[in-house]
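Structure assessment
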Amino acid sequence: MKNVLFVGAGSMAEAIIAGITSNGAVEPASVFVMNKSDHARLEELRDKYGITPVRSGDPEIGQAELALFATKPKDARQAMKEIAGQLHPSAAVLSVMAGIPISLFEEGLGSRPVARSMPNTSATIGLAATGVAMNDAVGDKVRQDVLSLLGSIGLVKEVEEDELHLITALAGSGPAYVYYFAEALEEAATASGLCGPDARDLIVQVLEGAAAMLKRRTAEPAELREHVTSPGGTTAAGIRALDDAGFREAVASCIRAAENRSRELASGQ
Ligand SMILES: NC(=O)C1=CN([C@@H]2O[C@H](COP(=O)(O)OP(=O)(O)OC[C@H]3O[C@@H](n4cnc5c(N)ncnc54)[C@H](OP(=O)(O)O)[C@@H]3O)[C@@H](O)[C@H]2O)C=CC1
Ligand SMILES: O=C(O)[C@@H]1CCC=N1
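Quick notes on the rules
- Residues numbered from 1 in each chain as written.
- Chains lettered and ligands numbered in written order.
- Predicted model: local features only at pLDDT ≥ 70, side-chain atom pairs only at ≥ 80, totals over all residues.
- Heavy atoms only, no water.
- Near = heavy atom within 4 Å.
- Areas by Shrake-Rupley, 256 points an atom, 1.4 Å probe, with all protein chains shown as cover.
- Polar contact = N/O pair within 3.5 Å; in protein donor to acceptor, adjacent residues only side chain to side chain.
- Helix = DSSP H or I, 4+ residues; strand = E, 2+ residues; numbered from the N terminus.
- Nonpolar A, V, L, I, M, F, W, Y, C, P; charged D, E, K, R; others polar.
- Domains from an automatic or database assignment.
- UniProt positions renumbered as here; feature names shortened; annotations may be inferred.
- Phe/Tyr/Trp six-rings, centres within 6.5 Å; stacked < 30°, edge-to-face > 60°.
- Pairing = 2+ DSSP bridges.
- Buried < 20%, exposed > 50% of the residue type's maximum accessible area, 1.4 Å probe, protein only.
- Salt bridge = Lys/Arg side-chain N within 4 Å of Asp/Glu carboxyl O.
- Right-handed = clockwise from strand over helix to strand, strands pointing away.
- Core = buried A, V, L, I, M, F, W, Y, C linked by side-chain atoms within 4.5 Å.
- Contact = heavy atoms within 4.5 Å.

**What about the site of ligand 2?**
Lining the immediate surroundings of ligand 2 are A98, G172 and S173. Across the complex, the protein chains shield 47% of the 250 Å² of accessible surface that ligand 2 would expose by itself.

Now the structure itself:
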């Protein structure tokens, strides 16, 4: 793809910029980035990735083939209002914003191809897990461009728009749950006497090893767990403690809460 305009230059925008500029999906100078007011941040991204910082009124806005919206959901309307008159009529839109429906982009930016996606910050290293839904105005070329851009930062699944709420809960927010689990493991390990760096190294290797075993798909997650769990052994004692503390229920409420929050964001709350 030739010119991609990022509207929003925060963590998620940076994760995607890092992904697409390091794998050659888009030439760094053809990645135009604008934000609300933090110009130092745009300069930081330019120095790091070679992107082109852009301000409202700059000609690059009208040259973008794709406008990638990555502001916070509460800023979506204002961001659209600011660039609606500057975007080329044929430019397509790709949103990564939680909750914001395709219909809001159609209202704010007129009838044009819109893809709504939910990636995650693992885009930084090409390992995002992304869901994407598209409106009827998306033709073959834009579909291929969007799938190839999102594919260049990791795994991508085309889904129904309503499913994006659950995908946000599971995949968009997902890395944070894993980091939170890692924090809890490290806290427990260091409280019990292991030194911090050793605990961190072991935990990272446990997560990486378990993810790689899951990825081979030679056994179900429950079977893999059973292979670790000797009758009367340490794992059984640990899992019993997790069950007693309501682990599965806690995970189910976590996903429900995040999905509900995505639905609330969709209704402007
Ligand atoms: N962080 C994550 O893990 C994920 C986030 N998302 C989604 O990505 C979006 C961005 O999240 P995140 O990167 O964390 O947010 P950040 O707060 O890090 O970044 C938000 C960006 O939006 C910019 N902005 C605000 N208003 C405007 C405007 N009117 N015009 C142009 N730019 C504007 C801000 O600019 P300034 O700094 O100048 O105010 C800032 O660069 C959210 O909608 C979120 O739902 C999706 C998946 C994962
Ligand atoms: O927390 C959020 O709202 C965003 C969406 C998914 C991950 N971060």
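**Side note on the site of ligand 1**
Close to ligand 1 lie 23 residues; A9, M12, S37, D38 and T71 are nearest. Here an oxygen atom of ligand 1 and a backbone polar atom of T71 are 2.6 Å apart. For ligand 1, an oxygen atom lies 3.3 Å from a polar atom in the side chain of K72. When isolated, ligand 1 has an accessible area of 910 Å², and the protein chains bury 81% of it. Only α1 (11-22) and α4 (76-83) provide two or more residues apiece to the shell around ligand 1. The residue makeup of the shell around ligand 1, split by class, is eleven nonpolar, seven polar and five charged.

**A look at the domain arrangement of the chain**
Each domain of the chain was delimited in the assignment, giving domain 1 (4-160) and domain 2 (174-265). If you average the C-alpha positions of domain 1 and of domain 2, the two centres end up 33 Å apart.

**Some thoughts on the UniProt feature "domain: Pyrroline-5-carboxylate reductase dimerisation" (unreviewed entry) in the chain**
Within this structure's numbering, the places UniProt gives as "domain: Pyrroline-5-carboxylate reductase dimerisation" (unreviewed entry) are residues 161-265. When the span residues 161-265 is considered, its composition is 82% helix and 0% strand, and the gap between its end C-alpha atoms is 14 Å.

**Regarding the UniProt feature "domain: Pyrroline-5-carboxylate reductase catalytic N-terminal" (unreviewed entry) in the chain**
In this structure's numbering, the residues bearing the UniProt feature "domain: Pyrroline-5-carboxylate reductase catalytic N-terminal" (unreviewed entry) are residues 4-99. From the first C-alpha to the last, residues 4-99 spans 22 Å; its make-up is 36% helix and 19% strand.

**Focus on the packing of aromatic side chains**
Inspection of every chain in the model, using the stated rule, returns one aromatic pair. Measuring from ring centre to ring centre gives 5.4 Å for F69 and F105, while their planes differ by 65 degrees; the resulting arrangement is edge-to-face. You can see F69 sitting in strand β4 (residues 66-69) and its partner F105 sitting in helix α5 (residues 102-109), a full 36 residues away along the chain.

**With respect to the sheet that holds strand β3 (residues 52-53)**
One open sheet holds the eight strands; their spatial order is β3-β2-β1-β4-β5-β6-β7-β8, and the pairing between them is mixed. Unpaired on one side and paired on the other, β3 and β8 (154-158) mark the two borders of the sheet. As judged from the two bridges shared by strand β2 (residues 31-34) and β3, these two strands associate in the parallel manner. In the sheet register, V33 faces β3, and the bridge partner there is P53.

**Thoughts on unusual backbone geometry**
The phi torsion at R217 lies on the positive side, around 55 degrees, for a residue other than glycine. Considering the arrangement of structural elements, one finds R217 in the loop between α9 (196-216) and α10 (221-228). Among the residues examined, R217 registers a relative accessible area of 72% and is labelled exposed.

**Here we look at the pattern of salt bridges**
Under the definition given, this model contains 13 salt bridges. Taking the shortest distance from any N to any O, the salt bridge between E186 and R200 comes out at 2.5 Å. One end of the pair, E186, is in helix α8 (residues 174-191); the other, R200, is in helix α9, with 14 residues separating them in the sequence. Taking the relative accessible area as the measure of exposure, E186 reaches 18% and is therefore buried. With a relative accessible area of 46%, R200 lands in the partly exposed category. Here the salt bridges do not stand alone but share partners, grouping E14, R41, E44 and K48 into one network.

**Points about the pairing of strand β5 (residues 92-95)**
Side chains A92 and L94 project from β5 onto one buried face, and the interleaved V93 and S95 project onto a second face that is buried too. As judged from the four bridges shared by β4 and β5, these two strands associate in the parallel manner. For A67, the partnering residue across the bridge sits in β5 and is V93. Sheet analysis places β5 next to strand β6 (residues 114-118), joined by three bridges and oriented parallel. Each bridged residue has a counterpart across the sheet, and for V93 the counterpart in β6 is V114. Between the parallel pair β5 and β6, the chain is carried across by α5, and the sense of this crossover is right-handed.

**Some details on the nonpolar core**
Membership of the largest hydrophobic core comes to 34 residues, with the highest contact counts inside it found for F6, I16, V33, L68, V146 and L149. Elements with a contribution of two residues or more to this core: β1 (4-7), α1, β2, α2 (39-49), β4, β5, β7 (128-134) and α6 (140-151). When residues of this core are assigned to their parent elements, the largest contribution, seven residues, is made by α1. Contacts of I16, omitting those with residues within four sequence positions, involve F6, L68, V96, P119, A123, L149 and I153. Membership of the second largest hydrophobic core comes to 23 residues, among which are V7, F32, I83 and M97.

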